[in-house]
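Architecture and fold: a report
The lines below spell out each chain.
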Amino acid sequence: MLAFRVESAIIRANAYIYFPMNLAIIGTGYVGLTTGTCFAEVGHNVICVDNNQKKVEALRQGKMPIYEPDLEDMIVSNVSAGRLAFTTDLNEAVAKSDIIFIAVPTPPHEDGSVDLSFIEAVSHEIADAMRPEYGYRIVVDKSTVPVSTGRKVYEVINRYAGADVDVDVVSNPEFLREGSAVQDLMNPDRVVIGTNSQRAMDMMKRVYQPFNAPIVEVDLASAELIKHAANSFLALKISYINAVSQVCEKSGADVELVAMGIGMDKRISRNFLNAGLGYGGSCFPKDVKGFINISHQLGAPLHLLEEVERINARQLDHFMDRLREKLWVLRNKRIAVWGIAFKQNTDDVRESVAVKLIRRLCEEGAIVSAYDPKAMETGAKALEGCEVNYCDDMYECTRDAEVLVVATEWKQFANANLQRVRELMKLPIIFDGRNVMHGDNATHAGFEYHSIGRKSLYPKEQA
Ligand code: UDX
């Protein structure tokens, strides 16, 4: 029964005595795998379930399906300590675990609505695996879902498990960023727990007690909404500064100085005000769409977010226009692209703006060579059908190029030896789509440097 309604959002540090709990994580994607590993790291007993036998076998042998700093070491050490296990057997996991986390994909449908079929299927499987003799169980939704999904999960479990099964449903959205997932999970800004049951809330707080983070205690629907609203707000910040960057380009102002000036106001903050080619990844594009969609369904349409999407799309269009303006015709132009991943420190190329850019360059007949420190394999798969010369070395990638485009914000691009690049390239032109380089360094190295909304303090003629 959903017995207790939490009346208000209480934010306070947890103060429980810690002891390990038995947890199951269904789905070993980005969120499931990293969350499960971090739970084991703080001492809980964790079983990660995935229906992909090959993936489970590989994980048992310490082979990673994704690149994420620190994750591999943590998995290996927790498996050998006996706190972390991988299985395809969901029944076993449900039998052994007090709390079952659902961390399966929630991809977008064509119309932007969220495909909840994996959530529904797993809820049904959990229900089938439940037995009254197991005692009380909590099912936690970790995947990003539209508001009201938890209520439906609860209905499905009750329908198929039978009334004599004692279960509560909780929403516990995840805010980790790829590339710093372990760091984010181990040191969260806050942990959001949404449930209408005080018993479930108390147990969930015990799970998070070792993390020593502020806990936001809310009802189920509010927790679900917090996730969509948070990601959409961050996307909005990015689109805002990108729109401002275009005004800067037209007016001679510098977007970095503007971001600094407005970001020093604590109410705004400088974070997520980096102008660039726009946001990508597995979350922002999908979550903004999902939030727009549910807002329409609920009759409270978020038109503001539709503009956020338009600005994001325009950012790449505008960049392509500027490239064409410089090179005139892109056909047969040699273009080196640094960066394929959707951002630094990851091999993930889902909704990567860099991938979209490379595809467009290829479609226009440019001769593209590309380099990424981690996303060469994933990138090649995503760019199937495009003729791209993948280079193992970032400098070799620039050989004979007429333009160097920086499409992902990897640190090594910021610190590149520009003299060396200058010697290798045919023409000295850089288009820095992520504002990672120091424009003056590029200018001093003899480059014509183009950025997103920045102006060089020392224009070429003065250098
Ligand atoms: C995001 C949220 O940050 C995280 O809380 C949530 O759990 C999942 O979605 P992630 O997609 O891993 O995380 O990456 P993030 O670092 O947020 O970057 C997303 C995109 O925005 C990237 O393409 C990045 O290049 C872009 N970005 C980010 C900008 O263009 N400018 C910025 O200032 C910040």
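Summary of the structure given here. (Residues numbered from 1 in each chain as written. Predicted model: local features only at pLDDT ≥ 70, side-chain atom pairs only at ≥ 80, totals over all residues. Heavy atoms only, no water.)

What about the overall build of the protein?
Quick reminder of the rule: Helix and strand assignments follow DSSP, with helices taken as H or I runs no shorter than four residues and strands as E runs no shorter than two, numbered in order from the N terminus. For a compact globule the rule gives 2.2 Å times the number of residues to the power 0.38, and the radius of gyration it is set against comes from C-alpha atoms. Using a 1.4 Å probe on the protein chains alone, a residue whose accessible area is under 20% of its type maximum counts as buried, one over 50% counts as exposed, and one in between counts as partly exposed. Here, two residues are considered to be in contact whenever any of their heavy atoms come within 4.5 Å of each other. What sets the accessible areas is the Shrake-Rupley method with a 1.4 Å probe; for residues, cover comes only from the shown protein chains. Counting rule for charge: Lys and Arg are taken as positive, Asp and Glu as negative, and neither His nor the chain ends is counted. One atom stands in for each charge, and that atom is NZ of Lys, CZ of Arg, CG of Asp or CD of Glu.
Within the protein, the regular secondary structure consists of 17 helices and 15 strands. In terms of overall dimensions, the protein is globule-like: its C-alpha atoms have a radius of gyration of 24 Å, near the 23 Å expected for 463 residues. In terms of principal-axis extent, the alpha carbons of the protein reach across some 80 × 45 × 40 Å. The buried share of the protein, reckoned over its 463 residues, is 54%. At a minimum sequence separation of 6, the contacts of the protein that also span at least 24 residues come to 73%. Accessible surface for the protein amounts to roughly 20,800 Å². Of this, 51% is attributable to carbon and sulfur atoms. If the 51 positive side-chain charges of the protein are averaged to one point and the 62 negative ones to another, these points end up 3 Å apart.

Some remarks on the site of the ligand
What counts is decided by this rule: Nearness is defined per residue: one heavy atom within 4 Å of the molecule or strand is enough. Under this definition, polar contacts are N or O atom pairs within 3.5 Å; protein pairs additionally need one hydrogen-donor-capable and one acceptor-capable atom, and for neighbouring residues in sequence, both atoms have to be side-chain atoms. Think of it as three bins: nonpolar holds Ala, Val, Leu, Ile, Met, Phe, Trp, Tyr, Cys and Pro, charged holds Asp, Glu, Lys and Arg, and polar takes everything else, Gly as well.
Close to the ligand lie 20 residues, the nearest being Phe175, Leu176, Glu178, Lys343 and Glu409. The contact in question runs from an oxygen atom of the ligand to an N or O atom on the side chain of Lys227, over 3.4 Å. Between the ligand and Asn274, the relevant distance is 2.9 Å, taken from an oxygen atom to a main-chain nitrogen or oxygen of the residue. Against a free-state accessible area of 660 Å², the protein chains account for coverage of 93% of the ligand. With three residues, helix H9 (residues 220–251) is the single largest residue contributor to the shell around the ligand. Residue composition of the shell around the ligand, by class: nine nonpolar, four polar and seven charged.

With respect to empty space enclosed by the protein
Basically, it comes down to this: A cavity here means a set of 1 Å grid points, computed over protein atoms only, where a 1.4 Å probe fits but cannot escape. A pocket is an open set with protein on both sides within 12 Å along at least 5 of 7 lines, and lining residues have an atom within 4 Å of a point. Grid points are joined across faces, edges and corners, and a volume is the space filled by probe spheres set on the points.
Tallied over the entire structure, the rule returns one cavity of 30 Å³ or more. Quantified by volume, the largest cavity comes out at close to 40 Å³. For the largest cavity, the full set of lining residues is Asp141, Ser143, Thr144, Val145, Ser171, Pro173, Ala223, Glu224 and Lys227. The greatest single-element share of the lining of the largest cavity, amounting to three residues, is contributed by H9. Grouping the constituent residues of the lining of the largest cavity by class yields three nonpolar, three polar and three charged.

Overview of the packing of aromatic side chains
For clarity, the threshold we go by: In summary, the pairing rule links any two rings of Phe, Tyr or Trp, Trp by its six-membered ring, whose centres are within 6.5 Å, and it sorts them by plane angle into stacked for under 30 degrees, edge-to-face for over 60 and tilted for everything else. Put simply, a charge is over a ring when the Lys NZ or the Arg CZ is close to the ring centre, within 6 Å, and near the line of the ring normal, within 35 degrees.
As enumerated under the stated definition, the model contains 10 aromatic pairs in all. For the pair Phe39 and Phe101, a centre-to-centre distance of 5.1 Å together with 45° between the ring planes defines the contact as tilted. On the criterion of sequence distance, the pair formed by Phe39 in helix H1 (residues 30–41) and Phe101 in strand E5 (residues 99–102) is long-range, its members being 62 residues apart. Summarising the burial analysis for this pair, Phe39 and Phe101 share the class buried. Ring centres 5.1 Å apart and planes at 20° place the aromatic pair Trp338 and Phe413 in the stacked group. Taken as a pair, Trp338 in strand E10 (residues 334–338) and Phe413 in helix H15 (residues 411–414) lie far apart in primary sequence, 75 residues in all. For the pair shown, Trp338 and Phe413 are each scored as buried. The ring of Phe175 carries the charged tip of Arg190 above its face, separated from the ring centre by 3.6 Å.

Some remarks on the layout of surface pockets
With a probe scaled to a water molecule rolled over the atoms, the places where space remains empty come into view. Quantified by volume, the second largest pocket comes out at close to 410 Å³. Surrounding the second largest pocket, 14 residues form its lining, Pro65, Ile66, Asp347, Asp348 and Thr378 being those nearest its centre. For the lining of the second largest pocket, the element with the most residues is helix H14 (residues 376–382), which contributes three residues. Its residues assigned to classes, the lining of the second largest pocket shows four nonpolar, three polar and seven charged.

A closer look at the pattern of salt bridges
The condition is simple: When a carboxyl oxygen of Asp or Glu is within 4 Å of a side-chain nitrogen of Lys or Arg, the pair counts as a salt bridge.
Applying the stated criterion across every chain, the model contains 25 salt bridges. The residue Asp348 makes a salt bridge to Arg350 at a minimum N-O spacing of 2.8 Å. The exposure class assigned to Asp348 is buried, which follows from its relative accessible area of 7%. Through salt bridges with shared partners, a single network forms among Glu178, Asp348 and Arg350.

As for unusual backbone geometry
The backbone of Asp70 shows a phi angle near 75°, a positive value even though the residue is not glycine. Relative to the helices and strands, Asp70 resides in the loop between helix H2 (53–60) and helix H3 (71–80). We classify Asp70 as exposed; its relative accessible area is 56%. Despite not being glycine, Phe272 has its phi angle at roughly 60°, a positive value. Inspection of the secondary structure assignment puts Phe272 in the loop between helix H10 (255–263) and helix H11 (284–297).

A closer look at helix H5 (residues 117–129)
This is how it is decided: To estimate how far a helix should reach, multiply one less than its number of residues by 1.5 Å. This arc is taken over the directions from the axis of the helix to the C-beta atoms.
When the terminal C-alpha atoms of H5 are compared, their 18 Å separation across 13 residues agrees well with the 18 Å that a helix rising 1.5 Å per residue should span. Taken together, the buried positions of H5 are occupied by Ile119, Val122, Ser123, Ile126, Ala127 and Ala129. End-on view of H5: buried residues confined to an arc of 165°, all on one side of the axis. For H5, the secondary structure elements touched by its buried residues are strand E2 (22–26), helix H4 (90–96), E5, strand E6 (137–141) and helix H6 (149–161).

Digging into the pairing of strand E7 (residues 167–171)
What counts, and what does not: At least two DSSP bridges between two strands are required for those strands to pair. Orient the strands so they point away from the viewer; a crossover is then right-handed if the path from the first strand over the helix to the second runs clockwise.
Most of E7 is tucked away, with five of its five residues classed as buried. Covered by surrounding structure in E7 are Val167, Val169 and Ser171 together with Asp168 and Val170, the residues of both alternating faces. Bridge analysis of E6 against E7 gives five bridges, and the strand direction is parallel. Its bridge partner lying in E7, Arg137 is registered against Val167. Read as a crossover between parallel neighbours, the route from E6 over H6 to E7 is right-handed.

Focus: the pairing of E10
Extensive coverage of E10 is indicated by the burial of four of its five residues. In this structure, E10 lies alongside strand E11 (residues 367–371), joined through five bridges in parallel fashion. Bridging from a neighbouring strand, Arg334 pairs with Ile367 of E11. Following the backbone out of E10, through helix H13 (residues 353–363) and into the adjacent parallel E11, one traces a crossover that is right-handed. The pairing of E10 with strand E13 (residues 403–406) spans four bridges and is parallel. Paired with Trp338 across the bridge in E13 is Val406.

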